[in-house]
Structures are given as structure tokens and as C-alpha cells.
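Working through the structure, step by step
Single-letter residue listing:
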Amino acid sequence: AYAAGREDPAGHEGFARTLAAERTRILGRAVASLPGRQEWIVRARFGLGGCDDRTLEEAGAIMGVPREGIRQLEAKALQALGRPGSPDRRRLRQLL
């Protein structure tokens, strides 16, 4: 960070903010492409989109699904995000 009153001559801070915003946009769009329950689980488990990150047990209690069911839905969702035909797959891979 630069001291108050000093500019960032190379624009690093602005670039970092832009990159972070782009990552958030790509990830949000990819997660939004999942079916409803899978989308909610990914958001809840990883604390995305304003959700608090939750444990398998917490997510299961909210959805009325056993811990193992949440784990399976999460695994399916993450697998779907990595499928060759999924939207933004290439960009997601670049983020990771």
C-alpha cells in the first residue's frame, strides 16, 4: 500500500482490484450455472456471494439433509464446474 497522498505510479493497486473483481465475477457466474441446491451448497461451504462459510453439518441442518448428502452434492457441484462443457471452465482453471 502507498502512503496517504502518494500515488501508485504503476497502477498496481487498481490492477489488483480489477483482477479480484474479475475473479469474483467469473466464479459467481460459474456457480450460478449450477442447479439450485448445488449452487447453495457451494456458496455456503465456501462462503461465496455474501454467505457465511458453513460446515457439512451446518449446511445439512439448514437443508434437512444428512452430512453425507451435503458432501455428495458438493462433490457433484465441483465436478460439474470442472466439466469440459461447463461455462467459464477455462477461466476457472486459470483462477486456480
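Residues numbered from 1 in each chain as written. Predicted model: local features only at pLDDT ≥ 70, side-chain atom pairs only at ≥ 80, totals over all residues. Heavy atoms only, no water.

Helices and strands together make up the secondary structure of the protein chain, namely 5 helices and 0 strands. From first element to last, N terminus to C terminus, the protein chain shows the α and β order α-α-α-α-α. Buried residues in the protein chain amount to 25% of all 96 residues. When contacts within the protein chain are restricted to residue pairs at least 6 apart in sequence, those whose partners lie at least 24 apart make up 40%. Entry remark: accessible area of the protein chain is about 6700 Å², with carbon and sulfur atoms responsible for 53%. (Helix = DSSP H or I, 4+ residues; strand = E, 2+ residues; numbered from the N terminus. Buried < 20%, exposed > 50% of the residue type's maximum accessible area, 1.4 Å probe, protein only. Contact = heavy atoms within 4.5 Å. Areas by Shrake-Rupley, 256 points an atom, 1.4 Å probe, with all protein chains shown as cover.)

Moving on, we come to the packing of helix α1 (residues 12-32) against helix α2 (residues 36-46). Describing two packed helices takes the angle between their axes plus the distance from one axis to the other. Between α1 and α2, whose axes approach to 9 Å, the crossing angle comes to 140°. Contacts between α1 and α2 involve Gly28, Val31 and Ala32 on the former and, on the latter, Glu39, Val42 and Arg43. The residue makeup of the contact of α1 with α2, split by class, is 3 nonpolar, 1 polar and 2 charged. (Axes fitted to C-alpha atoms, helices over the stretch in contact; angles between N-to-C directions. Nonpolar A, V, L, I, M, F, W, Y, C, P; charged D, E, K, R; others polar.)

Moving on, we get to the nonpolar core. Residues Ile26, Ala30, Val31, Leu34, Val42, Ala77, Ala80, Leu81 and Leu92 constitute the largest nonpolar core, which totals 9 residues. The set of elements that each furnish at least two residues to this core consists of α1 and α4 (67-82). Excluding its chain neighbours within four sequence positions, the residues that come into contact with Leu34 are Glu39, Val42, Ala77, Ala80 and Leu81. Leu56, Ala59, Val65 and Ile70 belong to the second largest nonpolar core, which has 6 residues in total. (Core = buried A, V, L, I, M, F, W, Y, C linked by side-chain atoms within 4.5 Å.)

This paragraph deals with helix α3 (residues 56-63). Residues of α3 that are buried include every one of Leu56, Ala59 and Gly60, and no others. End-on, the buried residues of α3 take up no more than an arc of 100°, which puts them together on one face. Where α3 is buried, its residues contact α2 and α4. Just past α3, the residue Gly64 takes up positive phi, approximately 70°. (Arc of directions from axis to C-beta.)

This part is about the side chain of Gln38. Within the secondary structure layout, Gln38 lies in helix α2. With relative accessibility at 13%, the residue Gln38 sits in the buried group. Excluding anything up to four places from it in sequence, Gln38 contacts Leu73, Lys76 and Ala77.

This part covers the pattern of salt bridges. Applying the stated criterion to the full structure yields 5 salt bridges. Two residues, Glu22 and Arg25, come together in a salt bridge whose shortest N-O distance is 2.8 Å. Taken as a pair, Glu22 and Arg25 lie in helix α1 at a separation of 3 residues, close to a single helical turn. In this structure Glu22 comes out as partly exposed when scored by relative accessible area, which is 28%. (Salt bridge = Lys/Arg side-chain N within 4 Å of Asp/Glu carboxyl O.)

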